[in-house]
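Here's the letter readout for the chains.
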Amino acid sequence: MIARNDAYEIVIASLKEVFAQVGETPPASISDDTVLVGADAVLDSLGVVQLIVEVEQRVEAAHSISVTLANDKAMSARNSPFRTVGVLADHVVATAQEAAS
Amino acid sequence: MSASEKPVMIVTGARKGIGRYLVEHYLAKGYLVEGCSRGKADISDSSYKHHEVDVADEKGVRGMVADITKRHGRIDAVLNNAAIASMNHVLLTPAKSANRMLEVNVTGTMLVCRDAAKVMIRRKYGRIVNFTTIVAPIALAGEAVYAASKSAVVTFTRILAFELGQWGITCNSFGATPIMTDMIKGVPQDKIDAVVNNLAIKRLGTHQDCANVCDFFISPSSDNITGQVIYLGGVT
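Worth saying up front: this structure is predicted, and the values here are computed from it rather than measured. (Residues numbered from 1 in each chain as written. Chains lettered and ligands numbered in written order. Predicted model: local features only at pLDDT ≥ 70, side-chain atom pairs only at ≥ 80, totals over all residues. Heavy atoms only, no water.)

Caption draft 1: Fine view of the overall build of chain A. Scanning chain A from N- to C-terminus turns up four helices and zero strands. Along chain A, helices (α) and strands (β) appear in the sequence α-α-α-α when read from the amino end. Taken against the 2.2 N^0.38 rule, which gives 13 Å for 101 residues, the C-alpha radius of gyration of chain A at 13 Å falls within 12% of a compact globule. For chain A, the spread of C-alpha atoms along the principal axes amounts to about 35 × 30 × 20 Å. Relative to its 101 residues, chain A shows a buried fraction of 44%. Residue pairs in contact within chain A that sit at least 24 positions apart in sequence constitute 66% of those at least 6 positions apart. When the accessible area of chain A is evaluated, it comes to approximately 5,200 Å², of which 50% is carbon and sulfur surface. Across chain A, 6 positive and 14 negative side-chain charges occur, with their mean positions spaced 6 Å apart. (Helix = DSSP H or I, 4+ residues; strand = E, 2+ residues; numbered from the N terminus. Rg over C-alpha atoms; globule rule 2.2 N^0.38 Å. Buried < 20%, exposed > 50% of the residue type's maximum accessible area, 1.4 Å probe, protein only. Contact = heavy atoms within 4.5 Å. Areas by Shrake-Rupley, 256 points an atom, 1.4 Å probe, with all protein chains shown as cover. Lys, Arg positive; Asp, Glu negative; His and termini not counted. Charge placed at Lys NZ, Arg CZ, Asp CG, Glu CD.)

Caption draft 2: How the structure looks around the interface of chain A and chain B. Taken together, the contact between chain A and chain B spans 10 residues of the former and 11 residues of the latter. Considering only the surface of chain A that becomes buried against chain B, Gln57(A), Glu60(A) and Thr68(A) emerge as the three largest contributors, covering 40% of it. Where chain A packs against chain B, one counts three salt bridges. In this structure, Arg62(B) and Glu56(A) form a salt bridge, with 3.9 Å as the shortest nitrogen-oxygen distance. Partitioned by chemical class, the residues of the side of chain A that touches chain B number three nonpolar, five polar and two charged. (Buried area = accessible area lost by both parts, 1.4 Å probe. Salt bridge = Lys/Arg side-chain N within 4 Å of Asp/Glu carboxyl O. Nonpolar A, V, L, I, M, F, W, Y, C, P; charged D, E, K, R; others polar.)

Caption draft 3: Layout of empty space enclosed by the protein. If you walk through the whole model with that rule in mind, you get one cavity of 30 Å³ or more. The volume enclosed by the largest cavity comes to roughly 80 Å³. Considering the residues around the largest cavity, the lining is formed by Glu56(A), Gln57(A), Glu60(A), Arg62(B), Val65(B), Ala66(B), Thr69(B), Asp115(B), Lys118(B), Val119(B) and Arg122(B). Tallied by class, the residues present in the lining of the largest cavity amount to three nonpolar, two polar and six charged. (1 Å grid on protein atoms, 1.4 Å probe; cavity = no way out; pocket = protein on both sides within 12 Å on 5 of 7 lines; lining within 4 Å. Points joined across faces, edges and corners; volume = space filled by probe spheres on them.)

Caption draft 4: Here's a closer look at unusual backbone geometry. Backbone geometry places Ser64(A), a non-glycine residue, at a positive phi of 55°. Here Ser64(A) lies in the loop between α2 (45-63) and α3 (72-76). Its identity is not glycine, yet Lys124(B) carries a phi of approximately 50°, on the positive side. Structurally, the position occupied by Lys124(B) is in the loop between α3 (95-123) and β5 (126-133). Residue class for Lys124(B) comes out partly exposed when judged on its relative accessible area of 41%.

Caption draft 5: The arrangement of the pairing of β5(B) in detail. Residue and element names in this part refer to chain B. A large share of β5 lies buried, amounting to eight of its eight residues. Every second residue of β5 is oriented toward a common face, with Gly 126, Ile 128, Asn 130 and Thr 132 on one face and Arg 127, Val 129, Phe 131 and Thr 133 on the other, all of them buried. Inspection of the sheet shows strand β4 (residues 77-80) paired to β5 by four bridges, in the parallel sense. Residue pairing in the sheet places Leu 79 in a bridge with Val 129 of β5. Note that the unit made of β4, α3 and β5 has a crossover that is right-handed. Pairing geometry for β5 and strand β6 (residues 169-176), over eight bridges, is parallel. (Pairing = 2+ DSSP bridges. Right-handed = clockwise from strand over helix to strand, strands pointing away.)

Written out as structure tokens, the structure is:
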């Protein structure tokens, strides 16, 4: 199990890491509502790929839970589980729970 | 954890044949080798670990890569050698047999590449070699589905090269000529002779031939060699 707040912190840290990797400055304010996919997104599509991989690795390193965030359920969902920081954090919690069960 | 000092390699289909030879070849070169196959392997070396994993099993591959990452903190090279073949006229090929070939040869290759690449991008370095076959370019009758699955591997690898190139990961394909392994033991000798006689170099392939191409592809100096396919014996 991963607490929602831990998942949120992982997403934030991962997002900052992705910006660092490409040598760009992250947005001044990042919150649950920060958009990751689609119009107004703070990342391009490749950035989202990097973010997902980074989050998976941080989840594994910090919680010893091996997760695949881009799973069948996520990719066929009507609303993308990667669309905002908050939604992604929720998806991390749910996926980790499924992986642990 | 800090990363191992020695380079780490995954070899799929490591239990026997070409995979087994490559395991021993790269152990001798100082690699930490992580092999997998559906069954147990009798390879005994402190630098080798065997994983009983079917490459078509997503959860199994994920678990194997997680275990390797936990112990070594890095993956430098992947040799996707695991494959199944079924020589059969297409009119006599059951869907189950076709699906299984696609599952192991295409999906299995993709899964190992995907999960290993996620680890490789941390160090912005990686070498992936996916095994194909000459029976695709020579259009060998009796191997339609197997050849189709290996053509898919070549196309997958070419595109993978573009998707992963930005992280210093090269992806290439290697197609061997017939080599005396269990995979072709059921193929009639006259069929093998006919294939060999149409090659520029008229002999069976050897395990050493395979190691030679892999050595080239995984060399750190081959950082500008990607999206390529090398066939043995003059096949193009």
